Structures are given as C-alpha cells and as structure tokens.
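# What the coordinates show
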Amino acid sequence: MKRILLLLFRFYQVVISPIKPPTCRFYPTCSHYGMQAVGKFGAIRGGYLTIKRILKCHPFHPGGIDHVPEEWPSRNKQNKD
C-alpha cells in the first residue's frame with residue numbers, strides 16, 4: 001500500500017503537476033509532503049497527515065512552511081511553556 005501511494009504521488013508530480021499553473025501555498029508542496037509523510041509514517045498515518053494538509057489548502061489559510069512532524073503527534077503531550 002505504501003509503495004502504491006508513493007507511485008501515485010510521483011505520477012502526480014511528473015504527469016499532472018507540470019500542466020497546472022503553480023499555485024501551491026505551502027512549502028514543501030503537498031505532493032512532496034505526502035511522499036515524506038507516507039515514507040516516514042506508512043500508508044495509513046502518512047495518508048492521514050497528507051489529507052489533513054490538503055484540507056488546509058484554501059484561500060483563507062495563509063500557507064507557509066509546514067514540514068512533516070519528526071514524530072507522530074500525540075494528543076496527550078503537555079505544553080512545554
């Protein structure tokens with residue numbers, strides 16, 4: 001499953017992305033983010049992070065730098081203020 005998702009991201013980068021105008025509001029682009037997330041966390045968790053990132057892609061979100069997290073985000077972490 002992981003390999004299939006990575007191939008789909010690569011297909012998008014090579015075939016579909018060049019024919020679209022560049023409009024990405026994030027760095028790295030969503031397809032690169034997806035490849036990194038799936039590569040690091042696997043198909044299910046990486047796919048979840050990628051879908052979450054794609055849902056942020058709308059005119060009301062400022063975009064910017066948004067890297068794949070180093071470790072899986074946990075709800076139970078306490079603030080380190």
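This text follows the structure it describes.
Before going into details, it helps to say that this report is about the structure given with it. Per chain, residues are indexed from 1 in the order of the written sequence. Selection of residues for local features in this predicted model requires a pLDDT of at least 70, selection of side-chain atom pairs for listing and counting requires 80 or more, and totals for whole chains, interfaces and linings are taken over all residues. Calculation of side-chain values draws on the structure's entire complement of heavy atoms; hydrogens and water are dropped beforehand.

## A look at the state of the cysteines
Threshold: The disulfide criterion used throughout: a pair of cysteine sulfur atoms within 2.5 Å.
In this structure the tally under the stated criterion is zero disulfides. This cysteine, Cys 57, is not joined by any disulfide, and Cys 30 carries the nearest cysteine sulfur, 5.3 Å off.

## Thoughts on a nonpolar patch on the surface
Just so we agree on the cut-off: The residues that make up patches have over 30% relative accessible area and no salt bridge, and they are joined within 9 Å when like-charged or within 5 Å when they are Val, Leu, Ile, Met, Phe, Trp or Tyr. Accessibility throughout is a Shrake-Rupley quantity obtained with a 1.4 Å probe, and a residue counts as covered only by protein chains that appear here. Here, a salt bridge means any side-chain nitrogen of Lys or Arg that lies within 4 Å of a carboxyl oxygen of Asp or Glu. Only DSSP runs of H or I with at least four residues qualify as helices, and only runs of E with at least two residues qualify as strands; both kinds are numbered from the N terminus onward.
A grouping of Phe 11, Val 14, Val 15, Ile 16 and Ile 19 is seen on the molecular surface, where their side chains present a nonpolar patch of about 460 Å² in accessible area. Structurally, Ile 16 can be placed in helix α1 (residues 2-16).

## Considerations on the nonpolar core
Rules: Only buried Ala, Val, Leu, Ile, Met, Phe, Trp, Tyr and Cys residues count toward a nonpolar core, and they belong to the same one when joined by side-chain atoms within 4.5 Å. Here the term buried applies to any residue with accessible area under 20% of the maximum for its type, exposed to any over 50%, and partly exposed to those in between, with areas from a 1.4 Å probe on protein chains only. Note on contacts: a residue pair qualifies if any of its non-hydrogen atoms lie within 4.5 Å across the two residues.
Counting five residues, the largest nonpolar core is built from Tyr 33, Ala 37, Phe 41, Leu 49 and Val 68. In contact with Tyr 33, other than residues within four places in its own chain, are Pro 28, Leu 49, Thr 50, Arg 53, Asp 66, His 67, Val 68 and Pro 69.

## Side note on the environment of Tyr 33
Topologically, Tyr 33 is positioned in helix α2 (residues 30-55). When the C-alpha positions of Tyr 33 and Ser 74 are compared, they lie 19 Å apart, and in sequence the two are 41 residues distant.

## Brief notes about the packing of aromatic side chains
Just so we agree on the cut-off: Two rings belonging to Phe, Tyr or Trp (six-membered ring only in the last case) form a pair when the distance between their centres is within 6.5 Å. Interplanar angles under 30 degrees mark stacking, angles over 60 mark edge-to-face geometry, and anything in between is tilted.
Applying the stated rule across the entire model yields two aromatic pairs. For the ring pair Phe 41 and Trp 72, a centre distance of 5.6 Å and an interplane angle of 70 degrees mean the geometry is edge-to-face. Here Phe 41 is found in helix α2, whereas its partner Trp 72 is found in the segment after β2 (64-65), with 31 residues between them in sequence. We classify Phe 41 as buried; its relative accessible area is 18%. Relative to Trp 72, the ring of Tyr 48 has its centre 6.0 Å away and its plane inclined at 50 degrees; by these criteria the two rings are tilted. Taken together, the positions of Tyr 48 in helix α2 and Trp 72 in the segment after β2 put the pair 24 residues apart, joining distant regions of the chain.

## Notes on the pattern of salt bridges
Applying the stated criterion to the full structure yields three salt bridges. The salt bridge partner of Asp 66 is Arg 53, with a shortest N-O separation of 3.8 Å. In this pair, Asp 66 is assigned in the segment after β2 and Arg 53 in helix α2, connecting sequence segments 13 residues apart. As far as burial versus exposure is concerned, Asp 66 and Arg 53 are alike and both buried. One continuous salt-bridge network, built from bridges that share partners, spans Arg 53, Lys 56 and Asp 66.

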